[in-house]
Amino acid sequence: MKQPRAVVMGAGVGGLTAAAALHRSGWAVTVLERAATLEPVGAAISLAPNAQRALDVIELGDDIRALAAWRGDGELRSPGGRRLARMDGAAAIGRFGGPTVLLHRATLVDMLVSRLPGDLVRTGAAAELADPGAADRPAHVTVADEELEAELVVAADGIHSAARGVLFPGRPGPRYAGFTTWRIVTPAPERPFTPHETWGRGLLWGTQPLLDGRVYAYAAAFTPEGGRAPDDEQAELLRLFGDWHRPIPDLLAAVGPGDVLRHDIRHQTEPLPAYHRGRTALLGDAAHAMAPTLGQGGNQAIEDAVVLAHHVTAANTAANAAELPGALAAYTRDRLPRTMDIVRRSALSSRMPALSSVPAAALRNAVVAGVGRLVPGLLLRGFDGIADWRPPGPRRPVAR
């Protein structure tokens, strides 16, 4: 039987997961990455139990679980350091089957690449979708002076996806979500700290430990799109957060201007008609960019990848090419409602820290603190239907 061919456009987390899942299922895979290296853009990524179970499909889940430095305990605070609510890691593990694992994106990319033969990923390869294909013809991707033909194209080319425009011309893409973010990775401060997220007036800060002893911190400001610091982004963070509770000032003192990443956040609040057309499937941010407030962007790309591989492999496309469009339609049916629900929930969750007036922020803090005392575990319920997801196919025992 002829080996089916797949071209993956983009070697981010979703694209590499798709490549690994397809390779394990017998596909001949080529990954085309525009960047000259696989050094990822970004600092850290949190993998919730749903993504870990998806990575079990490519036998990577247990390796990820072994990197858990933070088991979900934490606090929600005010800028002065007052605790508003407590997150119970043991309760999260009991509810969702495991802890959330925070790791550097470069570590995850290296682990995904280890699941692929060395010659499958081509860097410095700016690919374009020339023809999405159809039931009676393969898809075509051009790269440099070469044209690749494939039974399947996986467009994992990110939030500014050119493939999305080819599949659905004229449809609105991701729009500004109302806030910008900063991310840093720093050495651990001298004083121990409790992992936390802190809400100010239209400002947010989070501090979490990594297994290697470093600290990942993220910040957000609800501000007009396109803003940049007049000097540098470290100075901007000091202006916004320098007088907040420890360890925030210590972390900011430990980074230089070149260590700070800043990005405006965009999300795809208007759903696409489908996540496929012809023989081409959209995946991750190319299909459903979302705000990071629930930490699910990369997790949903990983889910996409294993669900896509499940459906197209079940279609046995090498023997019966006409089955592939039906398999991609099943992928859309599985993924579009779920991911758009999480896009909406992520957007909704950003409204609380967005409050900027003194009375509104004070009322918010009082409500959060009161609910935390009266209804322990309410924050965890926001992840019901998200972190408890399982991939299609045989189930493995729940990791604890």
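First, a word on scope: everything that follows refers to the structure included in this document. (Residues numbered from 1 in each chain as written. Predicted model: local features only at pLDDT ≥ 70, side-chain atom pairs only at ≥ 80, totals over all residues. Heavy atoms only, no water.)

**Description of the overall build of the chain**
Within the chain one finds 14 helices and 18 strands. Relative to the globule expectation of 21 Å for 400 residues, the C-alpha radius of gyration of the chain, 21 Å, shows essentially globular dimensions. With the principal axes as the frame, the chain shows a C-alpha extent of 65 × 50 × 35 Å. Out of the 400 residues in the chain, the part that is buried amounts to 51%. (Helix = DSSP H or I, 4+ residues; strand = E, 2+ residues; numbered from the N terminus. Rg over C-alpha atoms; globule rule 2.2 N^0.38 Å. Buried < 20%, exposed > 50% of the residue type's maximum accessible area, 1.4 Å probe, protein only.)

**Here's the deal with the sheet that holds strand 11 (residues 152–155)**
A sheet is described by the order of its strands in space; here 6 strands give the open sequence 7-2-1-11-18-17, paired in mixed fashion. At either margin of the open sheet sits one strand with a lone partner, and together these are strand 7 (121–122) and strand 17 (276–277). Bridge count for strand 11 against strand 18 (residues 280–282) is 3 bridges, and the pairing is parallel. Note on strand 18: the bridge partner recorded for Ala-155 is Leu-282. (Pairing = 2+ DSSP bridges.)

**A short note on the packing of aromatic side chains**
For the structure on display, the rule yields 4 aromatic pairs. Look at Trp-205 and Phe-241: their rings are 5.3 Å apart centre to centre, the planes differ by 55°, and that puts the pair in the tilted class. One end of the pair, Trp-205, is in strand 14 (residues 203–209); the other, Phe-241, is in helix 7 (residues 233–241), and 36 residues separate them in sequence. One cation-aromatic arrangement involves Arg-335 over Trp-389; the distance from NZ or CZ to the ring centre is 5.9 Å. (Phe/Tyr/Trp six-rings, centres within 6.5 Å; stacked < 30°, edge-to-face > 60°. Lys NZ or Arg CZ within 6 Å of the ring centre and 35° of its normal.)

**What to know about the pattern of salt bridges**
Overall, the coordinates contain 23 salt bridges when judged by the stated rule. Between Arg-95 and Asp-384 there is a salt bridge; the shortest N-O distance is 2.8 Å. In this pair, Arg-95 is assigned in helix 4 (residues 89–96) and Asp-384 in the segment after helix 14 (378–381), connecting sequence segments 289 residues apart. Owing to a relative accessible area of 29%, Asp-384 belongs among the partly exposed residues under this scheme. Linking Asp-212 and Arg-214 is a salt bridge whose minimum nitrogen-to-oxygen distance equals 2.8 Å. Accessibility expressed as a relative area gives 34% for Arg-214, which makes it partly exposed. Residues participating in the shared-partner salt-bridge network are Glu-303, Asp-304, Arg-335 and Arg-338. (Salt bridge = Lys/Arg side-chain N within 4 Å of Asp/Glu carboxyl O.)

**What about the environment of Met-352?**
Here Met-352 lies in helix 12 (residues 351–354). According to the relative accessible area criterion, Met-352 is partly exposed, its value standing at 32%. Put simply, Met-352 and Pro-117 are 235 residues apart on the chain and 45 Å apart in space, counted from C-alpha to C-alpha. Contact partners of Met-352, with chain neighbours within four places excluded, come to Trp-199, Arg-364 and Val-368. (Contact = heavy atoms within 4.5 Å.)

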